[in-house]
Structures are given as structure tokens and as C-alpha cells.
Amino acid sequence: MMHTTVGWHIEMEFMEDDQHTRAVALVRLPDGSEVRAHGRASRHSIDTHQPRVGEEIAGARALNELAMQLLTKAHEEIDAESGRISHPIHV
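We now turn to the structure provided with this report. All values derive from a computational prediction rather than experimental measurement. (Residues numbered from 1 in each chain as written. Predicted model: local features only at pLDDT ≥ 70, side-chain atom pairs only at ≥ 80, totals over all residues. Heavy atoms only, no water.)

### Regarding helix H1 (residues 51-82)
Moving on, step 1. Here H1 is 32 residues long and its end C-alpha atoms lie 46 Å apart, about the 46 Å a rise of 1.5 Å per residue gives.
Moving on, step 2. Along H1, the residues that are buried comprise Gly 54, Ala 58, Gly 59, Ala 62, Leu 66, Lys 73, His 75 and Asp 79.
Moving on, step 3. Buried residues belonging to H1 abut strand S1 (10-16), strand S2 (20-28) and strand S3 (34-42).
Moving on, step 4. Following H1 by one or two positions, Gly 83 has its phi on the positive side, about 75 degrees. (Helix = DSSP H or I, 4+ residues; strand = E, 2+ residues; numbered from the N terminus. Expected span 1.5 Å × (residues − 1). Buried < 20%, exposed > 50% of the residue type's maximum accessible area, 1.4 Å probe, protein only. Contact = heavy atoms within 4.5 Å.)

Quick look at the structure:
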């Protein structure tokens, strides 16, 4: 039996100012569809300026949203193919 190796590349972009970091995650799937998700982080005024930490938090939140969207997409595809309501997919 032959196995096909598939790879996904996820793109992350960050937009920052002194108090906020926004992240956008994008994955292009082999079927040609794209899934995009967003994450945010805010720095408390008494915290030191650490852009990397804001990127990690905002990036993690964007990836978490991306994961949830992919689970929803898979669930909908299972339902469409089977013609029935399937059990929820849990993380």
C-alpha cells in the first residue's frame, strides 16, 4: 500500500503597537481552500515591553482559532459525505 505525504505551511503575520499585538494565521489546504484565523494580545501598562511575548500569545490564540475552524470544517465534510449528523469532534 502506498502512502501519500502531505504537508501544510502555515503563514503568520503580526501587527504591533506599544500595547497590542494582532496575529493572523493562514493555511492553504490541498483542496485549494484557505482557512484564516486571528488572535490578539494586550500588554498591561505595568508590564515591560516584550514584543516576542505578545507575538507568542497572539500567535497561539490565532493557531487555536485555526484549529477550531479546521475541526468544524472536517465535521461539516463528514456530515456532507455521510448524509447524517456525526458526533462532535473534540480537541
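### A word on the pattern of salt bridges
Moving on, step 1. With the rule as written, the count across this model stands at 6 salt bridges.
Moving on, step 2. One salt bridge connects Arg 28 with Glu 11, and the closest N-O pair in it is separated by 2.5 Å. Taken together, the residues Arg 28 in strand S2 and Glu 11 in strand S1 connect sequence positions 17 residues apart.
Moving on, step 3. The class for Arg 28 is partly exposed, based on a relative accessible area of 44%.
Moving on, step 4. Using a relative accessible area of 40% as the deciding quantity, one classes Glu 11 as partly exposed. (Salt bridge = Lys/Arg side-chain N within 4 Å of Asp/Glu carboxyl O.)

Bear in mind that shape data such as this cannot, by itself, settle questions of function.
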